[in-house]
Amino acid sequence: MDYFAITGNRPLKGVVDINGAKNAAVAIIPAALLSGGICTVDNLPDIDDVASYVTVLQSMGAKCKFLDRSTLQIDARKISSTAIAAENLKDMRASYYLIGALLGRFKRATVPMPGGCNFGARPIDLHIKGFEQLGATVIQEHGVVNVFADRLVGNQVYLDVASVGATINIMMAACYASGTTTIENAAKEPHIVDCANFLNMCGANIKGAGTSVIRITGVKIMKGCEYTIIPDQIEAGTYMIAAAMAGGEVKVRNIIPKHMESLTAKLQEMGCDINAGDDWVMVRSRGNLNACNIQTLYYPGFPTDLQPQMTALLTQADGVSYVTEAVFDNRFQYVDQLMRMGVKIKIEGRMAVVEGPARLTGADVIATDLRAGASLIIAALSAEGLTKISNIHYIDRGYEKIEAKLSSLGANIKRMSGDMPALMEYI
Ligand code: UD1
């Protein structure tokens, strides 16, 4: 398995272009199964999760063709199977969207339980509750979710937790249901709005996406469309944090600055200088960072998907910072790996107490999930000497060409093929 070799302590300077949003892509590709026409989706990131989804759709009989590197044409007019084989899903968490999309269009689906990044219990009970409220029967056995219905009827669905996945999944399942479905306490993340916009362009009738009440009135026909997905808020945030960590001056381009406000506010509080234009932000950091406290929240709060990267940054701030993880119950696993590099962090339940500035030194570390991997890269950027990061297939699930982008900013990062020599120690 490949690994990254990073030699730290070099400032970053230059411009980095952000790709389309992973979390929008992994919702919109399955959402195309709801369409009775041909959908062309543009600005897709070139990441493993997108490739996995294309394989899955093809295995179901959909025709998928890349018109260029970032533009995918999906023709799901004819589908040969609504049952998905486990080996096609790999460790993709967002496979759960296949349930809502197939149920919505074909009234049945058989989908293995989702995999993906493991940071605590990640139930799908709210998704299932929503499908049942639309009139579906859901049977979970042998690691597979079976769902079917004679007909789906709009209903009121209250989400106990503002779950991103449940909101999008119920929205998809309700597109053809008769009458109106109301999702109360819906999540508001930008990719929920993006997925709703895509479905509406195909002919769905969805109102209120981006607020906590979404209304979906069932339609009879959904056609194809051409759609460009939004930029990736988390990829953009990762490069903004990298710039703050390494010091220097980085322009992060092709983004929606409004999506970055919770992060921008925190970087400014830490002493970074930030300017924003229509589709870019510029981060300047001289390396003197103030401690600050973070609490992850649902959008527009601070995203949990930037928590590991931000914690790495806070190890270099002057003083004690408190990071509270309020979305997932176990998202500090990566801290053990950061400790190998010299960070001073204590975990107290859902809070990390980060003491800075710590002297970081390069070490051999393992990415335990996608954003954990990004956090290790960020730590390595300001560590003395060489850091080797293994398990980078997690990072490839969500970041397009991260080593090329960081290299173009001046980082010393290389993808090495073959097993990391010292890895055997940890197995
Ligand atoms: C999505 C994102 C992920 C991000 C997360 C939170 C995608 C593909 N992934 O994941 O990157 O970290 O939102 O912003 O978009 N919950 C339940 N029951 C459910 C569903 C969720 O209790 O049926 C709980 C979860 O355990 C968690 C919280 O709700 O504590 C939020 O999870 P959710 O928003 O559903 O996250 P995902 O959709 O899995």
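What counts as what
- Residues numbered from 1 in each chain as written.
- Predicted model: local features only at pLDDT ≥ 70, side-chain atom pairs only at ≥ 80, totals over all residues.
- Heavy atoms only, no water.
- Helix = DSSP H or I, 4+ residues; strand = E, 2+ residues; numbered from the N terminus.
- Contact = heavy atoms within 4.5 Å.
- Near = heavy atom within 4 Å.
- Polar contact = N/O pair within 3.5 Å; in protein donor to acceptor, adjacent residues only side chain to side chain.
- Areas by Shrake-Rupley, 256 points an atom, 1.4 Å probe, with all protein chains shown as cover.
- Pairing = 2+ DSSP bridges.
- Axes fitted to C-alpha atoms, helices over the stretch in contact; angles between N-to-C directions.
- Buried < 20%, exposed > 50% of the residue type's maximum accessible area, 1.4 Å probe, protein only.
- Salt bridge = Lys/Arg side-chain N within 4 Å of Asp/Glu carboxyl O.
- Core = buried A, V, L, I, M, F, W, Y, C linked by side-chain atoms within 4.5 Å.

Q: Please clarify how the environment of Ala312 should be interpreted in this entry.
A: Its place among the elements puts Ala312 in helix 10 (residues 307-314). Taking the C-alpha atoms as reference points, Ala312 and Leu376, 64 residues apart in sequence, are found 7.4 Å from one another. Among residues more than four places away in sequence, those in contact with Ala312 are Met245, Leu338, Ser375, Ile378 and Ala379.

Q: Is there a simple way to explain the site of the ligand in this structure?
A: Around the ligand there are 24 residues in total, and Tyr96, Leu126, Ser163, Asp305 and Val327 lie nearest to it. Between the ligand and Val164 there is a distance of 2.8 Å, counted from an oxygen atom to a backbone nitrogen or oxygen. Contact distances for the ligand include 3.3 Å between an oxygen atom and a side-chain N or O atom of His191. The protein chains hide 90% of the 740 Å² of surface that the ligand would expose on its own. Secondary structure elements with two or more residues in the shell around the ligand: helix 1 (22-31), helix 5 (125-133) and helix 6 (164-173).

Q: When you look at the sheet that holds strand 22 (residues 364-366) in this model, what are you seeing that I'm missing?
A: Strand pairing in a sheet is mediated by backbone hydrogen bonds. Such pairs are either parallel or antiparallel. Within the open sheet, the four strands sit side by side as 22-23-1-24. Their pairing is mixed. Of all the strands in the sheet, the pair left with one neighbour each is strand 22 and strand 24 (412-416). Averaged over all pairs of adjacent strands, the angle between strand axes in this sheet comes to 20°, irrespective of strand direction. Alignment of strand 22 against strand 23 (residues 386-390), held across three bridges, turns out to be parallel. Counterpart to Asp364 in the pairing with strand 23 is Lys388. Lying over the sheet, helix 12 (residues 370-381) contacts strand 1 (3-7), strand 22 and strand 23, oriented at roughly 25° with respect to strand 1.

Q: Can you walk me through helix 9 (residues 261-269) in this structure?
A: One turn of an α-helix holds 3.6 residues; hence residues three or four places apart share an orientation. By the burial criterion, the buried members of helix 9 are Ser262, Leu263, Thr264, Lys266 and Leu267. Taken together, the buried residues of helix 9 touch helix 8 (233-246), strand 15 (273-276), strand 18 (294-295) and helix 10.

Q: What am I meant to see in helix 4 (residues 97-106) here?
A: Most of helix 4 sits inside the fold, with nine of its ten residues counted as buried. Once helix 4 finishes, Lys107 follows within two positions and takes phi at roughly 65°, a positive value.

Q: When you look at the pattern of salt bridges in this model, what are you seeing that I'm missing?
A: Any two side chains of opposite charge can pair, so long as their charged atoms come close to each other. If you walk through the whole model with that rule in mind, you get 17 salt bridges. Of the charged contacts in the structure, one is a salt bridge between Lys405 and Glu235, with a shortest N-O distance of 2.6 Å. Taken together, the positions of Lys405 in helix 14 (residues 402-408) and Glu235 in helix 8 put the pair 170 residues apart, joining distant regions of the chain. What makes Glu235 buried here is its relative accessible area of 3%. A single salt-bridge network, built from bridges that share partners, covers Asp2, Asp396, Glu403 and Arg415.

Q: What exactly am I supposed to notice about the nonpolar core here?
A: Generally speaking, soluble globular proteins have nonpolar side chains that are buried together. Counting residues in hydrophobic clusters, the biggest one holds 83 residues, and the most contacted among them are Leu98, Met171, Phe198 and Leu199. Excluding residues within four positions of it along the chain, Leu199 makes contact with Ala31, Leu34, Met171, Met172, Cys175, Ala204, Ile206 and Met222. Leu306, Leu370, Ile377 and Ile378 belong to the second largest nonpolar core, which has 70 residues in total.

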